[in-house]
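The residues making up each chain are set out below.
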Amino acid sequence: MLSAVPEPEREPSTRLLLGLLIVAALVPRLVVFPVNENLYGDAVARTELAERWLQVPHFIRSFQDGAAQFGPLHLYMVGAALTVVEREHAGRAVSLLFGVLSVVPLFALTRRFFGWRAGVWACLAFSVWGMHLQLSTTAASEAVALFFMLSVFALFGQALDERRFGPLFGAAVVLNLACALRYDAWMYIPLLAVMPLLWSRDKVAGVTMAVSFGLMCLPFPLLWMQGNELAHGDPFYPITYIDEFHRSWVASSGGGAKDWWLRAQGIGFWPAIALFTLTPGVALLGVVGMVKAWRERPELRWLVLAALVPAAYYAFRAAVLLNFLPLGRFTVTQVVLLLPFVVLGLQACVRAWGEGAGKAVAGGSIALAVVMPVGLGISTFREDGGWRDSLRPVSPISTNPQPVMEAVRFVEAEVAGKGKSLVLDSDDRYMDLQLAFFAGLPEERLVRLRWPDFQQRVEKNRPEYLVRFDAGGLARESWVKLEGRILTLGAVSYEEMEGFSAPVHVYRLRP
């Protein structure tokens, strides 16, 4: 008598799984969306540039043509959203859409190489990833760019796995779009192009794929380089501008013993962000899975290198060259690639320690993945100072400093609401940009220190109110005098009002 052979487990409907995973990603983001505010990732500047583009829509060709140091595609997206969503939420809506849809390419990538169950767990971990909750509910570009990069990885993995040109072409097209969003995507053109050469058994096919992919990735970068060459004499002008900003930032932050702290921070930043934001259990399981895949599955080494090589490049710049300061949002494309390997890492733990220990590890990892971001979000919600300011960039919750928002409410009610005008100081932490954005004061009733002819505008228009910051540039102007509660700008004098908290000071024009 023949023994019964168990039937292989049937995979649930892919559409059903994706629908449930999209809901799982959407729910926590909808929870934080009402309370989150544009703060990091140049969210305010991006929205204002998109507004200016929408006033005169055109094809952006260079840095000076309306994009500044940002990718033009994101400005188009936010500009389009501004036609149907109010300015404070337009960019946030774009991020929410693409942030939630990111589970689709993440599931496709993970399912292809590790099975549907691994895809589900990768997407569930992604859904509660605290840092991504913030990115996908504010107007920064990282959540949008991550959707495109995950799509690139999913299509590129399909091309290598099936040895087909169609997915390779798709990956190149999407990578062009990613390059139009953020400059850190540019490094993936040579990095991914070389991958078919490293482990392809058919060398001719490997060379063909590598060359084809590299060439298909070039249209946007070449077009953008030509525009900046014509406008600035430097095809890499935006990248040069960004690099110079980071060099200046390092110079102002370092010096002496501080340099060694900056170097140590550069080395440990990517691992620390992975451990803290993905949470220790998820991150460590992903690392174990990566190591196991590298040893046992050479066809997946390209995906491991896609995470490690950019992280090593940034670490080298920060720790050795000392010309780059890492930020949490810069790490997302590399950190997210730990998620496909999580279940593989758990399986390795089960084989090494037994099923009971594996369940304990899984349970602890799930608990930490939920509790840590919730605790961090509660701790940083409308609370300022100390460690909260340091951790807010990777928290699920992004709220502006409360002294700034107090001034915003006053300006909305007493200045914007009553047809008055305002003088606005500049701030080293760009809080003046935040205040101007949220107050919504029309530019014709605003005089900003960052604008040219500031002194002439103040003396001619004599705005009724003024906002000064403790670290602002106004008090450093030679023609400005600060004496107690009296601030004098040339021939115009202001008196400080009560009811506001440092570092923000609000003044009223003296008769």
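Look up a bit, the structure's there.
Just so you know, these numbers come straight off a predicted model, no measurement behind them.

Engineer: I'd like a description of the side chain of Gln-134, backed by residues and values.
Structural biologist: Looking at where Gln-134 falls in the secondary structure, it is placed in helix α7 (residues 130-135). A polar contact of 2.9 Å, which involves the side chain of Gln-134, links it to the backbone oxygen of Arg-392.

Engineer: Run through the pairing of strand β6 (residues 492-496), naming residues and quoting values.
Structural biologist: For β6, the buried fraction is high: 4 of the 5 residues fall into the buried class. In this structure, strand β5 (residues 486-489) lies alongside β6, joined through 4 bridges in antiparallel fashion. Note on β6: the bridge partner recorded for Ile-486 is Glu-495. Linkage of β5 to β6, two consecutive antiparallel strands, is achieved through a turn of 2 residues, within which Gly-490 is found at a positive phi near 60°.

Engineer: Lay out the pairing of strand β7 (residues 504-509) in plain terms, naming residues and giving numbers.
Structural biologist: Pairing of strand β3 (residues 465-469) with β7 involves 5 bridges; the strand directions are antiparallel. The residue of β7 that forms the bridge with Tyr-465 is Arg-508. Judged from the 3 bridges that link them, β6 and β7 form a sheet pairing that is antiparallel. In the sheet register, Tyr-494 faces β7, and the bridge partner there is Leu-509.

Engineer: Hey, could you go over the packing of aromatic side chains for me, with residue numbers and the actual values?
Structural biologist: Evaluation of the coordinates by the stated rule reveals 24 aromatic pairs. Plain terms: the ring middles of Phe-114 and Phe-341 are 5.3 Å apart, the flat faces sit at 65° to each other, and that makes the pair edge-to-face. One end of the pair, Phe-114, is in helix α5 (residues 103-114); the other, Phe-341, is in the loop between α18 (332-335) and α19 (342-353), and 227 residues separate them in sequence. Owing to a relative accessible area of 0%, Phe-341 belongs among the buried residues under this scheme. Linked through ring pairs, Phe-269, Trp-270, Tyr-313, Tyr-314, Phe-324 and Phe-330 together constitute an aromatic cluster. In this structure, Arg-92 is placed above the aromatic ring of Phe-33, and the distance from its NZ or CZ to the ring centre is 3.9 Å.

Engineer: So what's going on with a nonpolar patch on the surface? Residues and values would help.
Structural biologist: A contiguous nonpolar patch, built from Val-194, Leu-197, Leu-198, Trp-199, Val-207, Val-211, Leu-215 and Trp-294 and spanning about 660 Å² of accessible area, is present on the exposed surface. Within the residue set of the nonpolar patch, elements represented by two or more residues are α11 (195-199) and α12 (203-216). Relative to the helices and strands, Val-194 resides in the loop between α10 (188-193) and α11. By relative accessible area, Val-194 is classed as partly exposed at 34%.

Engineer: Report on the packing of helix α15 (residues 257-277) against helix α17 (residues 301-321), specifying residues and quantitative values.
Structural biologist: Running from N to C, α15 and α17 point in directions that differ by 170°, and their axes come no closer than 7 Å. Here α17 runs roughly antiparallel to α15, going by the angle between their axes. Contacts between α15 and α17 involve Leu-262, Arg-263, Gly-266, Ile-267 and Trp-270 on the former and, on the latter, Ala-311, Tyr-314, Ala-315, Ala-318, Ala-319 and Val-320. The residue makeup of the contact of α15 with α17, split by class, is 9 nonpolar, 1 polar and 1 charged.

Engineer: Any details on the sheet that holds β6? Residues and values, ideally.
Structural biologist: Overall, mixed pairing links the 7 strands, which are arranged β2-β1-β3-β7-β6-β5-β4 in an open sheet. Unpaired on one side and paired on the other, β2 (446-448) and β4 (480-483) mark the two borders of the sheet. This sheet shows a mean twist of 25° between the axes of neighbouring strands, independent of strand direction. Packed onto the sheet, helix α22 (residues 402-416) meets β1 (422-424), β3 and β7 and runs at close to 25° relative to β7. Across the face of the sheet, helix α24 (residues 454-461) comes into contact with β1, β2, β5 and β6 while running at roughly 150° to β2.

The rules behind the values
Residues numbered from 1 in each chain as written. Predicted model: local features only at pLDDT ≥ 70, side-chain atom pairs only at ≥ 80, totals over all residues. Heavy atoms only, no water. Helix = DSSP H or I, 4+ residues; strand = E, 2+ residues; numbered from the N terminus. Polar contact = N/O pair within 3.5 Å; in protein donor to acceptor, adjacent residues only side chain to side chain. Buried < 20%, exposed > 50% of the residue type's maximum accessible area, 1.4 Å probe, protein only. Pairing = 2+ DSSP bridges. Phe/Tyr/Trp six-rings, centres within 6.5 Å; stacked < 30°, edge-to-face > 60°. Lys NZ or Arg CZ within 6 Å of the ring centre and 35° of its normal. Patch = residues over 30% accessible without salt bridge, like charges linked within 9 Å, V, L, I, M, F, W, Y side chains within 5 Å. Areas by Shrake-Rupley, 256 points an atom, 1.4 Å probe, with all protein chains shown as cover. Salt bridge = Lys/Arg side-chain N within 4 Å of Asp/Glu carboxyl O. Axes fitted to C-alpha atoms, helices over the stretch in contact; angles between N-to-C directions. Parallel < 35°, antiparallel > 145°, perpendicular 65-115°, else oblique. Contact = heavy atoms within 4.5 Å. Nonpolar A, V, L, I, M, F, W, Y, C, P; charged D, E, K, R; others polar.

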